Amino acid sequence: MYAKDIQANMAKTASRKWYVVWAGRCPGIYLDWASCKLQTDGFPGASFKSFTSQAEAEAALRSKPANSASARPATSRATPGRAKSGLTTLSKHQIEKVEADVKIFVDGGCNPNPGEAGSGVSVYTNGVLSSLWYGRYQPTGTNNTAELAALHYGLVLAGEAIKKDLSAAVFADSSYAINCITQWAAGWEKKGWKRKAGDILNLEQIQEIYAVYLQIKDRVEVHHVNGHIGIEGNELADRMSLLAVDELEAGWRRYPEPIIIDDVLALRADAAKSWSYKTGPTSKASGLS
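Residues numbered from 1 in each chain as written. Predicted model: local features only at pLDDT ≥ 70, side-chain atom pairs only at ≥ 80, totals over all residues. Heavy atoms only, no water.

*Asks:* Could you give an account of the nonpolar core, naming the residues involved and the relevant values?
*Replies:* Within soluble globular proteins, side chains that are nonpolar generally end up buried alongside one another. Core analysis: the largest hydrophobic core is formed by 36 residues, its most contacted members being Ile 104, Val 121, Leu 155, Ile 181 and Ile 206. Residue assignment for this core shows that the elements contributing at least two residues are strand E6 (102-110), strand E7 (115-125), helix H5 (143-163), strand E9 (168-172), helix H6 (175-190) and helix H7 (203-216). Per element, the largest residue contribution to this core is nine residues, and it comes from H5. Residues in contact with Val 121, not counting those within four places in the same chain, are Ile 104, Phe 105, Val 106, Ser 131, Leu 132, Trp 133, Ala 150, Tyr 153, Leu 157, Ala 237, Met 240 and Trp 252. One finds Tyr 134, Val 225, Leu 236 and Tyr 255 within the second-largest nonpolar core, a separate group that totals 22 residues. (Core = buried A, V, L, I, M, F, W, Y, C linked by side-chain atoms within 4.5 Å. Buried < 20%, exposed > 50% of the residue type's maximum accessible area, 1.4 Å probe, protein only. Helix = DSSP H or I, 4+ residues; strand = E, 2+ residues; numbered from the N terminus. Contact = heavy atoms within 4.5 Å.)

*Asks:* Run through the environment of Ile 206, naming residues and quoting values.
*Replies:* Relative to the helices and strands, Ile 206 resides in helix H7. Note on Ile 206: relative accessible area 0%, which makes it buried. The spacing of Ile 206 and His 152 is 54 residues in sequence and 8.9 Å in space, taken between C-alpha atoms. Contact partners of Ile 206, with chain neighbours within four places excluded, come to Leu 148, Tyr 176, Cys 180, Ile 181, Ala 185, Trp 188, Trp 193, Ile 200 and Leu 201.

*Asks:* Explain the pairing of E7 to me, and be specific about the residues and the numbers.
*Replies:* Burial analysis of E7 places ten of its eleven residues in the buried class, the great majority of the element. Looking at chain direction, E6 and E7 are connected through nine bridges and run antiparallel. By the bridge assignment for E7, Gly 108 is matched with Ser 119. Between the end of E6 and the start of E7, which pair antiparallel, lie four residues. The sheet contact formed by E7 and strand E8 (residues 128-141) spans nine bridges and is antiparallel. The residue bridging Val 123 from the neighbouring strand is Ser 131, located in E8. Between E7 and E8, which pair antiparallel and follow one another directly, the connecting turn spans two residues, one of which, Asn 126, has a positive phi of 55 degrees. (Pairing = 2+ DSSP bridges.)

Quick look at the structure:
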């Protein structure tokens, strides 16, 4: 019996797989296909691969997907073009070409959806990372409310830059959040904040953000980018959204300096609970210095 048990365990181990998700809803290592599929199925630009040992999976996660020949490649949405919403999606090269003194990347996330949600922001001044922000923890939020909250704070920081006579651009990977504020809100307002299809979801939040946008709309650019394809600003904002949930930060808090970008990018949802951070100053100070 003992020998049979050993053989059975060896066979089980030999058939076991570890799934690395480089680009998905929550990048990391998963122990079964069902969990991997949950993170990648229908996710734009999903990139993942299975490995036969934990060591291989951990090494692959630390490397870029391109270093693993059989990794599933990102879809065509990773290239510049037009999103399904009609928004123009900027590539990395196009982002670099945007002429703005301050570039602000925003992102929000929720796991599960609905569930615990958080938002994050990364700020670049003259091409150099100047600050990271995390917050707006929602114990029962959604992905959309988290994305809206991130865009809201991005516009607030853009307003601060404009007051200093700096040009500003905001980059978000949520076409829903961008369209709500820059496209749809004006029409909804004219109709008394109503729409033929029914109630406007997240109305109070949208109204609050739209009021901020109206103050600066002629001086700020708001662009759509693809999420989780290696755009540094977007990736950093994503990690901040994870930290917001980890820290249960309901306000906005500045990530402590010095900022070690590789350490921030290494943050994953499955590791967030084990990380400990010094607390930075609560947001009333500017995020541009």
